[in-house]
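# Residue-level structure breakdown
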Amino acid sequence: MNKPLSISLVGMALLLTLAGCEEPVKESKKPNIIYILADDMGYGDVTAFNEQSKIPTPHIDKLAGEGMMFTDAHSGSGVCTPTRYGILTGRYSWRTKMKQGVLVGNSKPLIPNDRSTVGPMLQKNGYYTAFVGKWHLGWNWGLKDNQADTNDWSVDFANIDYTKPIKNSPKERGFDFSFGHPASLDMSPYVYVENGMVTAVPDTTTVNTGEYSWWREGPTGSDFVHEEVTPKYFNKAMELIEDRALSDKPFFLYLALPSPHTPILPTKEWQEKSGLNPYGDFVMMIDDHVGKLLQTIKTAGIEGNTLVIFTSDNGFAPYANAELLESKGHYPSGPFRGYKADIFEGGHRIPFIAKWPGVIQPGSVSSQTICLTDLMATCADIAGHKLAPNEGEDSYSLLPIFKQAVSSEPLREGTVHHSMNGSFAIRRGPWKLILCPDSGGWSDPKPQDSVAVAGLPAIQLYHLDSDPGEKRNLEAVQPEKVAELKALLAKYIENGRSTAGETQKNDSYEGEWVQVNFIKQP
């Protein structure tokens, strides 16, 4: 047995050795962060989350096996734009002027210049930042006539000058490199924009009226082929990964896919592979590209120090023929009720996987309730950045969960959900309160269906642990729980935040915000 003196001598020798080193001991390098956001992929589309899924997703499943699955993850909204705002800002989008709906291809920017986002926050902390894919947060096109309005679904695109620089694009929102298109792939104009400039001025007009492949008529760049967009974005992302792997500087890549959102365009090699319909084929194609991207990370030699997150911006879109898929035994929302746009779980409960070798235990599963707004605080925690009071007001760091350093206590006090028409729900523990009598979106009972809605209770209360399908409304027998959750939601709205910290203000809004009238009620 060694004597205390021996230990001391060894310790002294070690200290002398370290003191004689020319190089100081370096801190471990900050990890690369790659955020893959699918578009309209349902919780039940990924086999790792739904054993009964009829769509093979071996590469996404492998990612889950090598990382951590989150079974209670949620998008900030049931539709695209609001969720994307929350991802980049860590703030619920209903705090902005956008109280419902989505933006379009010529919309003005939703994120103001003074709003902090993930991009510049990471830049300030030593990261190279890149965006590839679908933006859908608005920007300022260069115009021929600056007096004309260009912010309407039916606007004439003739006023856009595609040779002028675009302002308030990803370039100005904190991305060193950006390559993408303005909105959904079925919303014109159809052009690629690289670092604030259109890559090819539209020289034609395209439209597609197919059942699955449809897109709206609009001006189209000479280099923009709808069928090639998803593969192009994956290839661009892989090229960027290979390039950045040669640098000592960590990087953040936000890969925002336009798929499997419409137009549903599986390439020829994937057509009819699923045995379901083109949507199933498209999901299989995306899975294959995810596998190639993961292999690129490994081949580049950066797998060990890269956090990869794969998720979706909202639930499955029923216009991909939900009825047909379900008749063949595939349920895109898994065991949950509803689809994209809805306030029900199928509208916002999503697949979420995180892999980070050496930090996240392979094959682990978390049942913690999380939200896509949590990216801001998570990245800040990883980068060593302390969020200011007006940063990430609805963002919780997932780093303790990644490190499995959290207790059984919930990470989030509560989580707010928001539907296509602006309806609210709030979740706390197993309880979910919905402040509307309908779906708030596209499922039955539809908000506009006065006959179906007539006679329904004005609110809904569900206990998700015992009723994940939201079939038994308990509002009449749990008035105390209803009051508790209403009060919590009111606090989050009035305080301008749902995290601890200084009270903040929601953005000014000129219209009547009818969804918050419940606060005034006794």
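To start, this report covers the structure provided alongside it. (Residues numbered from 1 in each chain as written. Predicted model: local features only at pLDDT ≥ 70, side-chain atom pairs only at ≥ 80, totals over all residues. Heavy atoms only, no water.)

Between helix 5 (residues 229–244) and helix 6 (residues 278–299), the least distance of the axes is 9 Å, while the angle of their chain directions is 10°. As far as their axial angle goes, helix 6 and helix 5 are roughly parallel. Residues Thr230, Pro231, Phe234, Ala237, Met238, Ile241 and Glu242 of helix 5 lie in contact with helix 6, whose contacting residues are Phe282, Met285, Ile286, His289, Val290, Lys292, Leu293, Thr296 and Ile297. Per-class residue counts for the contact of helix 5 with helix 6 are 11 nonpolar, 3 polar and 2 charged. (Axes fitted to C-alpha atoms, helices over the stretch in contact; angles between N-to-C directions. Helix = DSSP H or I, 4+ residues; strand = E, 2+ residues; numbered from the N terminus. Parallel < 35°, antiparallel > 145°, perpendicular 65-115°, else oblique. Contact = heavy atoms within 4.5 Å. Nonpolar A, V, L, I, M, F, W, Y, C, P; charged D, E, K, R; others polar.)

This part is about the environment of Asn506. With respect to the helices, strands and loops of the structure, Asn506 is situated in the segment after helix 12 (479–495). As a C-alpha pair, Asn506 and Lys268 span 238 residues in sequence and 48 Å in three-dimensional space. Ignoring sequence-local partners within four residues, the contact set of Asn506 consists of Arg91, Arg95, Ile493, Gly496 and Trp513. Here the side chain of Asn506 touches Arg95 through a polar contact of 2.9 Å, side chain to side chain. (Polar contact = N/O pair within 3.5 Å; in protein donor to acceptor, adjacent residues only side chain to side chain.)

With respect to the secondary-structure elements, Lys340 resides in the loop between helix 7 (322–327) and helix 8 (345–348). Residue classification places Lys340 among the buried residues on the basis of a relative accessible area of 5%. (Buried < 20%, exposed > 50% of the residue type's maximum accessible area, 1.4 Å probe, protein only.)

One number sums up the size of the largest pocket: a volume of about 380 Å³. Residue composition of the lining of the largest pocket, grouped by class: 6 nonpolar, 9 polar and 7 charged. (1 Å grid on protein atoms, 1.4 Å probe; cavity = no way out; pocket = protein on both sides within 12 Å on 5 of 7 lines; lining within 4 Å. Points joined across faces, edges and corners; volume = space filled by probe spheres on them.)

Regular strands place their side chains on alternate faces of the sheet. Bridge analysis of strand 8 (residues 202–208) against strand 9 (residues 215–221) gives 5 bridges, and the strand direction is antiparallel. Each bridged residue has a counterpart across the sheet, and for Asn208 the counterpart in strand 9 is Trp215. Hairpin connection from strand 8 to strand 9: 6 residues lie between these consecutive antiparallel strands. (Pairing = 2+ DSSP bridges.)

Cis geometry is adopted by the peptide bond preceding Pro263, which originates at Thr262 and carries an omega value of 0°. Across the junction of Asp444 and Pro445, the peptide omega takes the value -5°, indicating a cis bond. With respect to the helices, strands and loops of the structure, Pro445 is situated in the loop between strand 18 (431–434) and helix 11 (450–453). Unlike most non-glycine residues, Asn321 shows phi in positive territory, near 70°. Its place among the elements puts Asn321 in the loop between strand 11 (306–312) and helix 7. Phi at Glu470 takes a positive value of approximately 50°, unusual for a residue other than glycine.

Taken in spatial order, the 10 strands make up an open sheet running 7-6-5-4-10-1-11-13-2-14, and their pairing is mixed. In this open sheet, the two strands that pair with only one neighbour each are strand 7 (197–198) and strand 14 (364–366). The pairing of strand 5 (residues 177–181) with strand 6 (residues 193–194) spans 2 bridges and is classified as antiparallel. Looking at strand 6, one finds that Gly180 is bridged to Val193. Its contacts with the sheet put helix 2 (residues 58–66) on strand 2 (68–70), strand 11 and strand 13 (352–355), and the angle it makes with strand 13 is roughly 60°.

Membership of the largest hydrophobic core comes to 58 residues, with the highest contact counts inside it found for Leu253, Leu255 and Leu293. Looking at this core element by element, the count peaks at 10 residues for helix 6. Leu110, Phe175, Val198 and Ile382 belong to the second-largest nonpolar core, a separate cluster that totals 55 residues. (Core = buried A, V, L, I, M, F, W, Y, C linked by side-chain atoms within 4.5 Å.)

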